[in-house]
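# Report on the structure
For reference, the chains in residue letters:
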Amino acid sequence: MQLNGAETTQSGTPRGHILLIGGAPGGRRSQLTRPEASLALLATVPSAALLGGDLPVDTVQLADPAEPQALLGYLRTAAAAAGPLLVALVGALTADRRQRELHLALARSRPDNARYTGMPWSWLATELGQRPPGSTTVLADLIADKDAWNALALDGGAALTSGVPVWGQISPPKTAAEGVAAPYTRSLVDLLRRSTGRSTLADLHQLAVSTARLPDRAVVLSSAYTPFAAAAPAAPPAPVFPQAVLRGPALDGPLFAGGMPQQRRTTEELLAASVAACQAGELERAGRLAREAEELAARGSGAHSAPAVTAREARAHLAHLGGAPAAAAELWLTAAEDRLGFQGPDDAEVRAAVDNAHACWARVTDRRTAAQLGPGLLALRRTVPGAGGRGLLAAERRLHQIQQGL
């Protein structure tokens, strides 16, 4: 196995790198969390599905590491990979009781020694933060102990996604850890195996959250990470699929059965059918189903209701996948505006809608169209400015540049 992630093939093609880490305290005999099953399941997924491309890959799996410094060495090797990188972390999350810094618990970790025996979460940002944007994905499927859960209560998922391109979930303390792979990992792996390659890992993450039976209080990690310049933030985060209510039976059969049209009864069923069509690569059909879902919700609950907005967000995501960033940005803008009518600016769904509107707007290359959408985006950013106000600053800067260029 090649362990030098910076190596390339003889033809000069960069090699990808996959680093799978399972961390749990207490030694194998007394572990409450057993990450081996989740690691083994992830290892069965073709590397092309995990990395989004068919290229040579180095894979390293660490099932029960005990030494943080040795783990840091593997992390640095992975960060040096010239090609795409996936880092998956499964197991237990703990925190240093003195500084409240979050750590991946390792074999010798205890509540009183996490600072010295766990892997600090900050290492991920330090080691991976210099990689090219879009080249890195971190997956996390963890159970927090009491100390980590208390630390998360202060900042929520932002404590883990700040500076790190991470997707996944954190379950609350005492979540039952079965001898099989965790629900989120099982759902994500199933989606990866069935994916046609059109959806990104970030897209599939949202579907995994919707279909996995996560604990009620689970913290969902949907990264809004993009490297920002220290003085002048520029690019917004990449769009993600809305955490919509995509449950209910998928309508996978033909539109007509026995000579009579099948009746679609609910918005949820239409959205489930839209997701199935998207996963099959049928974007046009998926878009029609999502539009039908929005129209049905508007007739039943109103054009600005939560069900109608959820369907509109699905349409926005499909427009993004179809290479129509202006249409996606406009749909996200109206969805965010409507959400602000019945949700607060600090609500996670509102923040996600504004972030996605910003991300799609940033991909609009026609200056006149971008200028037309800009004031609406800027108005949203003044209400939802993003972490540290960086989203607002990025929007102001880009709109100014666009207007100067007209």
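Just above sits the structure.
Summarised in this report is the structure supplied together with it. (Residues numbered from 1 in each chain as written. Predicted model: local features only at pLDDT ≥ 70, side-chain atom pairs only at ≥ 80, totals over all residues. Heavy atoms only, no water.)

### A word on the packing of helix H13 (residues 306-321) against helix H14 (residues 325-342)
Just so we agree on the cut-off: Each axis is a line fitted through C-alpha atoms, taken for helices only over the stretch in contact, and angles between the N-to-C directions span 0 to 180 degrees. Here a strand is any run of E in DSSP of at least two residues, a helix any run of H or I of at least four, and the numbering for each starts at the N terminus. Any angle from 65 to 115 degrees is called roughly perpendicular, while one under 35 is roughly parallel, one over 145 is roughly antiparallel, and all others are oblique. Left-handed describes a crossing in which the near helix is turned anticlockwise from the far one by less than a right angle; the clockwise case is right-handed. Working rule for contacts: check all heavy atoms of both residues, and any pair within 4.5 Å makes them a contact. Gly is put with the polar residues, along with every residue not named as nonpolar or charged; the nonpolar set is Ala, Val, Leu, Ile, Met, Phe, Trp, Tyr, Cys and Pro, and the charged set is Asp, Glu, Lys and Arg.
The contact between H13 and H14 brings their axes to 8 Å, and the two run at 160°. For the element pair H13 / H14, the angle class is roughly antiparallel. The element H13 and its partner H14 pack so that their crossing is left-handed. Where H13 approaches H14, its residues Ala306, Val309, Thr310, Arg312, Glu313, Arg315, Ala316, His317, Ala319 and His320 are matched on the opposing element by Ala327, Ala328, Leu331, Trp332, Thr334, Ala335, Asp338, Arg339 and Phe342. Within the contact of H13 with H14, the residues separate by chemical class into ten nonpolar, four polar and five charged.

### Thoughts on the environment of Ile170
If you trace the backbone, Ile170 turns up in strand S7 (residues 166-171). Considering only alpha carbons, one finds Ile170 and Tyr184, 14 residues apart in sequence, at a separation of 9.8 Å. Leave out the neighbours within four places in its chain, and Ile170 touches Leu93, Leu142, Ala144, Trp149, Leu152, Leu160, Ala218, Val219 and Leu221.

### Some thoughts on unusual backbone geometry
Despite not being glycine, Lys174 shows a phi value in the positive range, around 65°. Position of Lys174 among the secondary structure elements: in the loop between S7 and helix H9 (183-194).

### Examining helix H17 (residues 390-405)
Heads up, the condition is: One less than the residue count of a helix, multiplied by 1.5 Å, gives the span that helix is expected to have. Residue burial is assigned from relative accessible area. The probe radius is 1.4 Å, only protein chains are included, and a residue is buried under 20% of its type maximum, exposed over 50%, and partly exposed in between. This arc describes the spread of directions from the helix axis toward the C-beta atoms.
For H17, with 16 residues, the first-to-last C-alpha span of 23 Å sits near the 22 Å given by 1.5 Å per residue. Regarding H17, the residues found buried are Gly391, Leu392, Ala394, Ala395, Arg398, Leu399 and Ile402. Angularly, the buried residues of H17 cover 160° about the axis, an arc narrow enough to put them on a single face. Buried-residue contacts for H17 involve helix H15 (348-362) and helix H16 (367-383).

### Digging into the environment of Ala306
Tracing the chain through its elements places Ala306 in helix H13. Given a relative accessible area of 33%, Ala306 falls into the partly exposed group. Separated by 37 residues in the primary sequence, Ala306 and Gln343 place their C-alpha atoms 9.7 Å from one another.

### Structural notes on the pairing of S7
Formally: Strand pairing follows a simple DSSP-based rule, namely that at least 2 bridges must link the two strands.
In terms of burial, S7 is a largely internal element, six of the six residues being buried. Of the two faces of S7, the one carrying Val166, Gly168 and Ile170 and the one carrying Trp167, Gln169 and Ser171 are both buried. As defined by bridge partners, strand S6 (residues 136-144) adjoins S7 across six bridges and the pair is classed as parallel. Opposite Leu139, over in S7, you have Trp167 as the bridge partner. With four bridges connecting them, S7 and strand S8 (residues 219-222) associate as antiparallel partners. Across the sheet, the residue bridging to Gln169 is Val220, located in S8.

### A look at the pattern of salt bridges
What counts is decided by this rule: When a carboxyl oxygen of Asp or Glu is within 4 Å of a side-chain nitrogen of Lys or Arg, the pair counts as a salt bridge.
Taken as a whole and assessed by the stated rule, the structure comprises 13 salt bridges. Of the charged contacts in the structure, one is a salt bridge between Arg312 and Glu294, with a shortest N-O distance of 2.8 Å. With Arg312 in helix H13 and Glu294 in helix H12 (residues 283-301), this pair connects stretches of sequence that are 18 residues apart. Owing to a relative accessible area of 12%, Glu294 belongs among the buried residues under this scheme. In this structure, the salt-bridge partner of Glu313 is Arg339, at a minimum N-O distance of 2.7 Å. In this pair, Glu313 sits in helix H13 while Arg339 sits in helix H14, placing the two residues 26 residues apart along the sequence. The class of Glu313 is buried, set by a relative accessible area of 3%. Note on Arg339: relative accessible area 4%, which makes it buried.

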